[in-house]
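Residue-level structure breakdown
The residues making up each chain are set out below.
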Amino acid sequence: MYFTARFQQNLDWTDHTLILPAVAVGNVGQLTVDLLLSTLEVELVGRLHSTAFLPLVGPDPFYAEPKGIVTSCQVYHCLAHKLVIVQQRAPIAMNRRREFRTSLIQWIQEHYFKQVILLSSCFAHFRTDKDLLQIPLKFLCTPDLTDSVGSYLHRSLGWRSLERRDPFTYSEDSAGVLHMPGSGITRSLFEECSTKKVRLVVLLLYCSEGDNVPDAFTMADQLNSWLQLIPGNDSEKGKSWKVPASWNLMFGNHPPKNIY
């Protein structure tokens, strides 16, 4: 499989956090990254090219008057918050997932990121009764981050980690599997990162297909409560995020009135 990263200049990201989305149910991770890129001061610094990506090209989604083109996977840099943000706009070919994971992890290791945050989602109808009383978000940390970041997310923010469950009864079982249907490569990427000692945190939002803009705001607000990217408080949830211009066309034009 062909995989390469092309950047405008040599960059040192050893003290940076990498944020990337998983192509999953509702595209919540990708929508959340759109909010980050539209709101924060970021610079397009390069692209990831891989034969695993389905080909895509289109106008810049962040401006009413497009200033360039986007491709399947682009890399942005936010100097103010020391973030490297990847936006993946096209899915991965089913028969190339394993090779893509290996190449992606190798790229991550080459740049020595402080930590990696994967924004993902899974089907809401797998929530339990207990889950319905909480925010629809859970997290996972690789072993190297469990005692530090994992402890902080649980104790300070009140987030809950994803439980392992019996694959047949769906009851909690420490010897079970990480059950996250609809999350794309999330579980396999997490397991491979754990094995290769890549410091990864997964944020997993339960949702259903449809209008997933509210889910993106929820994910962005929760991420902001951790990283403190924009000012705001509980009474102003969602009001500080800048919506990309392309979202105005997300569902197409309104139906013509003369059809009724």
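Here's what I pulled together on the structure shown here. Note that the structure is a prediction, hence the values are computed from the model and not measured.

Right, let's talk about the overall build of the chain for a bit. Scanning the chain from N- to C-terminus turns up five helices and 13 strands. Taken over the C-alpha trace, the chain has a radius of gyration of 18 Å; the compact-globule value for 260 residues is 18 Å, and the two agree within 12%. Dimensions along the principal axes, computed over C-alpha positions, put the chain at roughly 55 × 50 × 40 Å. Out of the 260 residues belonging to the chain, those deemed buried represent 48%. Long-range contacts, defined here as pairs at least 24 residues apart, represent 75% of the contacts in the chain between residues at least 6 apart. Total accessible area on the chain is roughly 13500 Å²; 51% of this is exposed by carbon and sulfur atoms. Computing the positive centroid from 25 side-chain charges and the negative centroid from 25, the chain places the two 2 Å apart.

Within the structure shown, the criterion is met by nine salt bridges. With a closest N to O distance of 2.8 Å, K138 and E163 form a salt bridge. In this pair, K138 is assigned in strand β9 (residues 137–141) and E163 in the loop between β10 (160–161) and β11 (164–165), connecting sequence segments 25 residues apart. Of the two residues examined, K138 and E163, each falls in the buried class. The network of salt bridges with shared partners includes D131, K138, R160, E163 and R165.

Enumeration over the complete set of coordinates arrives at six aromatic pairs. Residues F217 and W247 carry aromatic rings whose centres are separated by 6.4 Å and whose planes lie at 85 degrees to one another, so their mutual orientation is edge-to-face. Here F217 is found in helix α5 (residues 213–227), whereas its partner W247 is found in the segment after α5, with 30 residues between them in sequence. Judged on exposure class, the residue F217 and its partner W247 are both buried. Through pairs of rings, three or more aromatic residues link up here, namely W13, W107 and F113.

Further remarks concern the pairing of strand β2 (residues 17–21). Of all five residues that make up β2, five are buried, and the element is covered over most of its length. In this sheet, strand β7 (residues 83–88) lies alongside β2 in parallel orientation, the contact comprising three bridges. Its bridge partner lying in β7, I19 is registered against I85. Across five bridges, β2 lies against strand β8 (residues 115–123) in parallel orientation. Each residue of the ladder has a partner; that of P21, found in β8, is L119.

Looking now at the environment of F62. Here F62 is to be found in the loop between β4 (57–59) and β5 (69–71). For the pair F62 and R47, spaced 15 residues apart in the sequence, the C-alpha separation amounts to 17 Å. Not counting chain neighbours up to four residues away, the residues in contact with F62 comprise D34, L37, S38, Y76, R89, P244 and A245.

Thresholds, definitions, all that
- Residues numbered from 1 in each chain as written.
- Predicted model: local features only at pLDDT ≥ 70, side-chain atom pairs only at ≥ 80, totals over all residues.
- Heavy atoms only, no water.
- Helix = DSSP H or I, 4+ residues; strand = E, 2+ residues; numbered from the N terminus.
- Rg over C-alpha atoms; globule rule 2.2 N^0.38 Å.
- Buried < 20%, exposed > 50% of the residue type's maximum accessible area, 1.4 Å probe, protein only.
- Contact = heavy atoms within 4.5 Å.
- Areas by Shrake-Rupley, 256 points an atom, 1.4 Å probe, with all protein chains shown as cover.
- Lys, Arg positive; Asp, Glu negative; His and termini not counted.
- Charge placed at Lys NZ, Arg CZ, Asp CG, Glu CD.
- Salt bridge = Lys/Arg side-chain N within 4 Å of Asp/Glu carboxyl O.
- Phe/Tyr/Trp six-rings, centres within 6.5 Å; stacked < 30°, edge-to-face > 60°.
- Pairing = 2+ DSSP bridges.

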